[in-house]
Structures are given as structure tokens and as C-alpha cells.
Amino acid sequence: MSRAANDPGSTSAVTEFSAPAATAHYLAEPHEVHKVVLLYSGGLDTSVMLKWIQDHYEAEVVALCINLGQPDDDFDEVKQKAIDLGAVASLVVDAREEFVRDYVAPAIKANARYQGSYPLFTALGRPLLAKIACDVAREHGADTVAHGCTGKGNDQVRIDAVVATLAPELKVIAPVREWGMGRDEEIAYAKEHGIPVSTTVARPYSIDDNLWGRSSEGGVIEDPANAPPDDVYELVTPPTRAPDVVEELRIGFREGLPVSLDGEELEPVELIGRVADAACRNGVGILDNIEDRVVGLKVRDIYEVPAAEVILTAHKELEKLVMTGRENALKAELDLLWAQLAYEGLWYEPLLDSLNAFMNRSNEKVDGEVTVRLYKGSAVVSQRTSPNGLYDQALATFDADPTFSQNASPGFIELFSLQSRMAHQISKGRSQG
Ligand code: ARG
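The model shown is predicted, which means the values in this text are computed figures rather than measured ones.

1. Quick word on the side chain of His315
Step number 1: Position of His315 among the secondary structure elements: in helix 10 (residues 306-322).
Step number 2: Looking at His315, its side chain comes within polar contact range of the side chain of Asn363, at 2.8 Å.
Step number 3: In contact with His315, other than residues within four places in its own chain, are Ile108, Lys109, Asn111, Phe253, Gly256, Asn363 and Val366.

Printed below as a string of C-alpha cells:
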């Protein structure tokens, strides 16, 4: 692209008609695109994209589908579909363990909930998708990474930023952001090119999911004035239909991470799955949320976050027991900051790395067990034990005890309230003239 096109001082007649310069260095110019790694889900957008990239850029496409524990994807089918649509290679990567170890685990230690509510499952997954796409691009000698994000969401921010950070030599294309096709045109394109559409188009909402949660957006729930219809929930049983009995889960933690369920040690992916199943049965983990996107939009999401709801609740409770009041107060603020950076896709921001150091250090003592009662949509902690708990039955009791001197309290209170008492007297004097 000619820079002169944007230069008000330019008098060149030729540049007047050239397309505007790319708005970012990492965006691919058409002539740079020869071999593309496409983050492929098997859905309508990325299937149309698979064909469109081949036509539009005359480029080869390597389809890359990544398993982050999305509950009902048939990965063999997705893999074959990409081949049928002309991909030169079609890969399915099972990244569940890495996802839990390097993305969900730090989020648990940081009690990560964006703006205090959304447990960030999509935001945690995107940097991993982008990282794997970079690795695959290098292995396959590709020059470009393609993804199916729109220009209005957070996911474009997360993927573009990570690709540009980790692989400055690669370019990015995001066809949905630039091709200007509406839903109907996409369906027409799909039919014309033999892309199966039936099941995907029937879905009234835009869904994203992985083992840490599921989101629904768009359709009638786009308007926050509308109550969500029952058909939104595909994971969690609506609380009114959940069983009439309490189900208890006893979760064991070591250094801030869940390691056992009801005394049985489990691998992290398995543990999260079992907690999710119990929570789903009991209507736990439904969240109807207003949130602020990175690009400024305010949106409404319906979240189903069964595992995250239970595990984050239990983890935070254990922190309350083992950390000092000062630690807990500061940590709550740093937790919010952690969630903000993760939401914004700034996964390689050094501040996040420093925050992780704090989260790891402060979680070294977060050992113990927390029992959570699941009942018709609620998850309430009923028991907590820890070898590192700062709670001492002997100190807290109302009975007489020799180690805590109640006689020392009045002297403490006199000094403790000193400045506040002085300030009150002075302000009283001022208002009385
Ligand atoms: N609002 C959530 C986020 O930004 C969920 C987004 C779901 N993504 C999607 N492509 N539907 O993390």
C-alpha cells in the first residue's frame, strides 16, 4: 500500500485510487498469503473461510482444530470435514492438559473472574489457540494465521495480539472482519461451494465453550431486557428441575490447586469434569452477565460455568482461612487486575508474569479441604479444614483462655482509635465555629 495515499500533501494522481494502508503491521497483504493455518472449529464461519481463503488468496490451508474440552464436538468429523473442503492438512490437537496446567490453574490461584463475575474460560483459551497456531505454522512452513473472529469482539484482540507477540514473522487474516458477508450471503456461499450448513445454522445463539465454561450470545438474549429462554441452557440443569436433595463435594487443594474429590486423588482434567457433572446436575453455575468488551462495547452474555463456580468458590474460601487479613485484602485487588489482563489477552505482559509470581507464592500454603453443598442452583461452602489455617479454636472461643489477654484489649482500643477520635473532635469544633 502506498503511504502517499494517506498523506494530505501528496499530489500524485495515481495514489488517489489505492486502497487504504493496512491498519496494523501484522495484517497480511493478499500477495503475502501462500500457506495459511486456519483455526478451524467445523462451524459455518470457519468452514466458509476454509473455501474462501483458497479461492480469494489462491493459498493452501492447513486446518487446525484444538480440543480444549468443548463437550460435544466430534473431532474426527471436524477433521474429515476440513479435508473434504480442500485443506492440504487437517490437524486435531488435544490441548486439554496444557490448557488446565498453564491457563486454568493460574486462573484458579488468582480467583479469576472478570469484573468480579465471568470466569474467563474463553479468554483463557484464546492465547493457547494462538500459540499452537504459531507452532503449527512454523512446522508447516505457513506464512499466515487465519481465525474466525469478528471485528467487534474480544477474541480478535486476544488472538492477534498473541500471534504478533510470539511470531512477528507471521501475518494474520480474519476474513469475517473484512469480507462483508452477512449471514445469508455466507449461507448462499456455503451452498454454492458444497459446504454442509444445516445443523450449524439452526442454532439461535453464538456459542463458545471449553472445559471451564460455555457462553451464549446474540439472538433474543442480546437485549438485556429479555429474560433468557430455557433453550439457552445446554449444560446446566435449570435449578427448578434439579433434584430435591443436597449433594456434597469435598474438594482437596494442594498449593492452591484442586487435587482430590471426596478423598480420591484425580488428574486435573478428570477432576474438573467430575465437578462440572455434579454442578450441572444441581443447577449450579448459571450466570447472566453484563460485561465491557475490550473494544468498548457493553454486552450481555449467558454463561454456564459449573466447574468454575464450585472450584473458584472453594478455593477462595480456603484462601480466607489460611491467609492473613492483609494478604486477603491486597489479593482481592490483584485478583481483579489479573482477570483484567487475562480478559484483554495480554498474556505475555510482564505485569501478568509478576502477578503470577505473587499468586504462586501466596498459594504455597493453600492446602486443605473444602466441602461445598450443591442444591438447586446454589453452591455453599459448609466445611473447611487446613493444616495452615490461621483459625485457632482455643483463641476464638468464648470460654476463658489464658493465651489471649482480654485485659489488654482496652489499651489496644485506646491507641487503635486515637487518630479517628482526634479527627472527630476537630471536625466537631470546626462545625460549631
Ligand atoms: N464474552 C466472553 C469473552 O469475551 C465470551 C466470548 C465468547 N466468544 C465467542 N466467540 N462467542 O471472553
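2. Some points on the site of the ligand
Step number 1: Around the ligand, the structure places 15 residues, and the nearest of them are Tyr118, Asn154, Arg158, Glu291 and Tyr303.
Step number 2: Within the side chain of Tyr118, an N or O atom sits 2.5 Å from an oxygen atom of the ligand.
Step number 3: Taking Asn154, its side chain carries an N or O atom lying 2.7 Å from an oxygen atom of the ligand.
Step number 4: Considered on its own, the ligand offers 340 Å² of accessible surface; in the complex 88% of this is hidden by protein.
Step number 5: Looking at the shell around the ligand, the elements with two or more residues in it are helix 4 (121-139), helix 5 (155-166), strand 6 (206-210), strand 7 (213-217) and strand 12 (298-304).
Step number 6: In terms of residue count, helix 4 provides more of the shell around the ligand than any other element does, three residues in total.
Step number 7: Among the residues making up the shell around the ligand, the classes are represented as four nonpolar, four polar and seven charged.

3. What about the sheet that holds strand 6?
Step number 1: An order of 6-7-12-11 is seen for the four strands of this open sheet, with the pairing classed as antiparallel. Each having just a single partner strand, strand 6 and strand 11 (286-292) make up the two edges of the open sheet. Across the sheet, the mean angle from the axis of one strand to that of its neighbour is 25°, orientation sign disregarded.
Step number 2: Note that strand 11 and strand 12 share seven bridges and pair antiparallel. When the sheet's bridge partners are listed, Leu287 is paired in strand 12 with Tyr303.
Step number 3: The sheet contacts of helix 4 involve strand 6, strand 7 and strand 12, and relative to strand 6 the element is tilted by about 75°.

4. A short note on unusual backbone geometry
Step number 1: Positioned with a positive phi, Glu255 is a non-glycine residue whose angle comes to about 50°.
Step number 2: Tracing the backbone through its elements, the reader meets Glu255 in the loop between strand 8 (247-254) and strand 9 (257-261).
Step number 3: The backbone phi angle of Lys376 is positive, close to 45°, even though this residue is not glycine.

5. Here's the deal with the packing of aromatic side chains
Step number 1: Taken as a whole, this structure holds 11 aromatic pairs when the rule is applied.
Step number 2: Both rings, one in Tyr118 and one in Phe121, keep their centres 5.4 Å apart while their planes meet at 85°; by these two values the pair is edge-to-face. Per residue, the accessibility class of Tyr118 equals that of Phe121, and both read buried.
Step number 3: For the ring pair Tyr118 and Tyr303, a centre distance of 4.3 Å and an interplane angle of 10° mean the geometry is stacked. Residue Tyr118 is located in the loop between helix 3 (96-109) and helix 4, and its partner Tyr303 is located in strand 12; the two are separated by 185 residues in the primary sequence. The same class applies to Tyr118 and to Tyr303, which are both buried.
Step number 4: Here a set of aromatic residues connected by ring pairs shows up, and it is made of Tyr114, Tyr118, Phe121, Tyr303 and Tyr343.
Step number 5: Here the guanidinium or amino end of Arg158 rests over the ring plane of Tyr343, the centre of that ring lying 4.8 Å away.

6. Side note on the nonpolar core
Step number 1: Ranked by internal contacts, the top residues of the largest apolar core, which has 84 residues, are Leu120, Leu124, Trp212, Val310 and Trp338.
Step number 2: Here this core takes 11 residues from helix 4, the largest share from any one element.
Step number 3: Listed in part, the 31 residues of the second largest apolar core include Val36, Val78, Trp179 and Ile187.

7. Regarding the packing of helix 4 against helix 5
Step number 1: The contact between helix 4 and helix 5 brings their axes to 9 Å, and the two run at 40°. Between helix 4 and helix 5, the interaxial angle falls into the category oblique. Considering the relative orientation of helix 4 and helix 5, their crossing is right-handed. In this structure, helix 4 uses Thr122, Ala123, Arg126, Pro127, Ala130, Lys131, Cys134 and Arg138 to contact helix 5, whose residues at the interface are Asp155, Arg158, Ile159, Val162, Val163 and Leu166.
Step number 2: A breakdown of the residues in the contact of helix 4 with helix 5 according to their chemical character gives eight nonpolar, one polar and five charged.

8. Some remarks on the environment of Asp288
Step number 1: Within the secondary structure, Asp288 sits in strand 11.
Step number 2: When its relative accessible area of 44% is taken as the criterion, Asp288 is described as partly exposed.
Step number 3: As for Asp288 and Ile221, which are separated by 67 residues in sequence, their C-alpha atoms are 9.7 Å apart.
Step number 4: In contact with Asp288, not counting residues within four places along its chain, are Pro228, Arg300, Asp301 and Ile302.
Step number 5: Side-chain polar atoms of Asp288 contact the side chain of Arg300, separated by 2.7 Å.

Here is what the cut-offs are and how they apply
- Residues numbered from 1 in each chain as written.
- Predicted model: local features only at pLDDT ≥ 70, side-chain atom pairs only at ≥ 80, totals over all residues.
- Heavy atoms only, no water.
- Helix = DSSP H or I, 4+ residues; strand = E, 2+ residues; numbered from the N terminus.
- Polar contact = N/O pair within 3.5 Å; in protein donor to acceptor, adjacent residues only side chain to side chain.
- Contact = heavy atoms within 4.5 Å.
- Near = heavy atom within 4 Å.
- Areas by Shrake-Rupley, 256 points an atom, 1.4 Å probe, with all protein chains shown as cover.
- Nonpolar A, V, L, I, M, F, W, Y, C, P; charged D, E, K, R; others polar.
- Pairing = 2+ DSSP bridges.
- Axes fitted to C-alpha atoms, helices over the stretch in contact; angles between N-to-C directions.
- Phe/Tyr/Trp six-rings, centres within 6.5 Å; stacked < 30°, edge-to-face > 60°.
- Buried < 20%, exposed > 50% of the residue type's maximum accessible area, 1.4 Å probe, protein only.
- Lys NZ or Arg CZ within 6 Å of the ring centre and 35° of its normal.
- Core = buried A, V, L, I, M, F, W, Y, C linked by side-chain atoms within 4.5 Å.
- Parallel < 35°, antiparallel > 145°, perpendicular 65-115°, else oblique.
- Left-handed = near helix turned anticlockwise from the far one by under 90°.

These results come straight from atomic positions and should not be treated as a statement about function.
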